[in-house]
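Here are the chains, one letter per residue:
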Amino acid sequence: MKGKSLIVLFLVVLIAAVSCKEEEKKDEGIPLPVMSLKEQKAAKGFKYIGAIEGVENVDIRPQVDGILEEIYVDEGDFVKKGQPLFKINSQPYMEDYKNAIANVNLEKAKLEKAKTDLDRLQPLIDNEVISEVRKKSAQADYQVALSSLQRAQAQAANMKINLNFTTINAPVNGFIGRIPKSTGNVVKKTDSEPLTVLSNVNQIYVYFSMSESDYLYYEKAKKDTLSKQMNDKVKLVLADGSIYDHMGNIDANSGQIDKTTGSITLRARFQNPDTLLRSGNTGKILMEEIYPKAILVPQSATTFIQDKKFVFVLNKDNIAERKEIITEGRSGDNYIVSAKSLSADDRVVLSGIDKLASGIKVKPIERGKLLGELQEPQTPKAP
């Protein structure tokens, strides 16, 4: 009997110990991942649709009328300044130039004759054989011949300019755009469409617009050096979603607000050493506001109640408390939280928040650690 009493007593003690252990385990709370907040550098982005143009975009137009005789380049070619691009039939302008040269030679001969006449009269005037009036008349004839020569020379120079215009050269380095006309077409100075557009894209401009309120915010943020500051460099998001390798800077704006749209146009300049970007490309300007000491909370750790954002914060006893937060923007997958809402070293529950309510105890676990690794080992069964 005594042995049986000892066995019964042992079982009672064992059951009590197991019950206490389970009670302690329950008191630890729900195991959930928790993150301690800290101040860190973050950036809030603003995106604006932009149009890309080369720093130099030159319409190539004919300066004389005529038949397009030669096209020396193809669309997309890179050309250097001074390189021939097009040739207009030069024969009519060559004949005009020859005629102008002939007129110059004629006027030179007339001038020489007038000078000879004036020189011949001078001894007669000196000996008073003829009157002073005759001398003045001869001098006037000489001046007329001189002016006629100068006019002929100007006309010849103009004809030479027109002749040179029949060969159209590249005014800058750049890439050839679309060429709408082919050889044999008549081209005129009055044509509305250029022969092509030449784009120098070693550097590019990106033109973009922002609202008046955004512009005021941008100008004020540039001067804020305390809690946040607008980055003086901008990024370019390409059409495929990638970020362009080179950063740019805003170097100009239109200077006035468009009354019809309520927006202002700005211009950003980027280096383009690999000529990846061409005139006509599109992209988005990414402007970033830098927060040197930001409090970041993952978006997945928040809940919404009537358009308000909340997180669960643990107190020193690991009791969850629902707390409203005020956000100032996004940085990646995180909210930038106002310092009035949360502070460094606050502990925020990252996931499983659908299981929580204020007053529930939480067992904090490290981020990325498997829940099974943190569970207590099973109590062995009594023999």
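Look up a bit, the structure's there.
First, a word on what this report is: a plain description of the structure on this page.

Rules used throughout
Residues numbered from 1 in each chain as written. Predicted model: local features only at pLDDT ≥ 70, side-chain atom pairs only at ≥ 80, totals over all residues. Heavy atoms only, no water. Helix = DSSP H or I, 4+ residues; strand = E, 2+ residues; numbered from the N terminus. Buried < 20%, exposed > 50% of the residue type's maximum accessible area, 1.4 Å probe, protein only. Areas by Shrake-Rupley, 256 points an atom, 1.4 Å probe, with all protein chains shown as cover. Pairing = 2+ DSSP bridges. Salt bridge = Lys/Arg side-chain N within 4 Å of Asp/Glu carboxyl O. Core = buried A, V, L, I, M, F, W, Y, C linked by side-chain atoms within 4.5 Å. Expected span 1.5 Å × (residues − 1). Arc of directions from axis to C-beta. Contact = heavy atoms within 4.5 Å. Phe/Tyr/Trp six-rings, centres within 6.5 Å; stacked < 30°, edge-to-face > 60°. Lys NZ or Arg CZ within 6 Å of the ring centre and 35° of its normal. Lys, Arg positive; Asp, Glu negative; His and termini not counted. Polar contact = N/O pair within 3.5 Å; in protein donor to acceptor, adjacent residues only side chain to side chain.

**Regarding the overall build of the protein chain**
Line of reasoning, step 1. Regarding its fold elements, the protein chain presents 5 helices and 21 strands.
Line of reasoning, step 2. Within the protein chain, the proportion of its 383 residues that are buried is 32%.
Line of reasoning, step 3. Accessible surface for the protein chain amounts to roughly 23,800 Å². Of this, 51% is attributable to carbon and sulfur atoms.

**Examining the sheet that holds strand 5 (residues 84-88)**
Within a sheet, each strand pairs with its neighbour through backbone hydrogen bonds, oriented either parallel or antiparallel.
Line of reasoning, step 1. Taken together, 4 strands build an open sheet; the order of strands is 6-5-3-8 and the sheet is antiparallel. At either margin of the open sheet sits one strand with a lone partner, and together these are strand 6 (167-169) and strand 8 (186-187).
Line of reasoning, step 2. Relative to strand 5, strand 3 (residues 66-71) runs antiparallel, the two being bridged by 3 bridges. For Leu-68, the partnering residue across the bridge sits in strand 5 and is Ile-88.

**Structural notes on the pattern of salt bridges**
Line of reasoning, step 1. Tallied over the full model, the rule gives 8 salt bridges.
Line of reasoning, step 2. Measuring nitrogen to oxygen at the nearest pair gives 3.5 Å for the salt bridge that ties Lys-235 to Glu-288. Of this pair, Lys-235 sits in strand 11 (residues 233-238) while Glu-288 sits in strand 14 (residues 282-298), and the two are 53 residues apart along the sequence.
Line of reasoning, step 3. Bridged by salt links that share partners, the residues Asp-251, Arg-267 and Arg-269 form one connected network.

**Quick notes on the nonpolar core**
Line of reasoning, step 1. If you look at the biggest cluster of nonpolar residues, it comprises 23 residues, and the most contacted ones within it are Phe-208, Met-210, Leu-236, Phe-270, Ile-285 and Met-287.
Line of reasoning, step 2. Top contributing element to this core by residue count: strand 9 (residues 196-211), with 5 residues.
Line of reasoning, step 3. By size, the runner-up hydrophobic cluster in this structure holds 18 residues, among which are Val-73, Ala-170, Ile-179 and Leu-195.

**Observations concerning the side chain of Glu-107**
Line of reasoning, step 1. Inspection of the secondary structure puts Glu-107 in helix 2 (residues 91-126).
Line of reasoning, step 2. On the accessibility criterion, Glu-107 (12% relative accessible area) is buried.

**Considering helix 4 (residues 212-223)**
Line of reasoning, step 1. The end-to-end C-alpha distance of helix 4 is 18 Å, a good match for the 16 Å that 12 residues give at a rise of 1.5 Å each.
Line of reasoning, step 2. Tyr-215, Tyr-218 and Ala-221 are the residues of helix 4 that are buried. One side of helix 4 carries all its buried residues, which in axial view fall inside an arc of 130°. Turned more than 90 degrees from where helix 4 packs its buried face, Ser-213, Lys-220 and Lys-223 sit exposed.
Line of reasoning, step 3. Next to the buried residues of helix 4 lie strand 9, strand 10 (229-230), strand 12 (248-253), strand 13 (263-271) and strand 14.

**Things to note about the pairing of strand 13**
Line of reasoning, step 1. Sheet topology places strand 9 next to strand 13; 9 bridges connect them, and they run antiparallel. Directly across from Ser-209, in strand 13, lies its bridge partner Thr-265.
Line of reasoning, step 2. In the sheet, strand 12 pairs with strand 13 via 4 bridges, with the strands oriented antiparallel. Its bridge partner being in strand 13, Asn-253 is matched across the sheet by Leu-266.

**Here we look at the packing of aromatic side chains**
Line of reasoning, step 1. A full pass over the atoms with the stated rule returns 6 aromatic pairs.
Line of reasoning, step 2. For the cation-ring pair, Arg-267 lies above Tyr-205, with the distance from its terminal atom to the ring centre recorded as 3.9 Å.
Line of reasoning, step 3. Here Lys-309 stacks its cationic end above the ring of Tyr-335, 5.2 Å away from the centre of that ring.

**A few points about unusual backbone geometry**
Line of reasoning, step 1. Located in the positive-phi region is Asn-318, a residue other than glycine, with phi close to 65°.
Line of reasoning, step 2. In this fold, Asn-318 is placed in the loop between strand 16 (308-314) and strand 17 (320-325).
Line of reasoning, step 3. By relative accessible area, Asn-318 is classed as buried at 19%.
Line of reasoning, step 4. The residue Asp-345 is not glycine, and still its phi comes out positive at about 80°.
Line of reasoning, step 5. According to the relative accessible area criterion, Asp-345 is exposed, its value standing at 63%.

**Here's the deal with the environment of Glu-70**
Line of reasoning, step 1. Relative to the assigned elements, Glu-70 resides in strand 3.
Line of reasoning, step 2. Using a relative accessible area of 38% as the deciding quantity, one classes Glu-70 as partly exposed.
Line of reasoning, step 3. Separated by 18 residues in sequence, Glu-70 and Ile-88 place their C-alpha atoms 6.9 Å apart.
Line of reasoning, step 4. Those residues in contact with Glu-70 that sit more than four places away from it in its chain are Leu-85, Phe-86, Lys-87 and Thr-183.

**Notes on the side chain of Lys-309**
Line of reasoning, step 1. With respect to the helices, strands and loops of the structure, Lys-309 is situated in strand 16.
Line of reasoning, step 2. Buried and without a salt bridge, Lys-309 has Asp-307 as its closest oppositely charged side chain, separated by 8.6 Å.
Line of reasoning, step 3. Of note is the side chain of Lys-309, whose polar atom sits 3.4 Å from the side chain of Thr-327.

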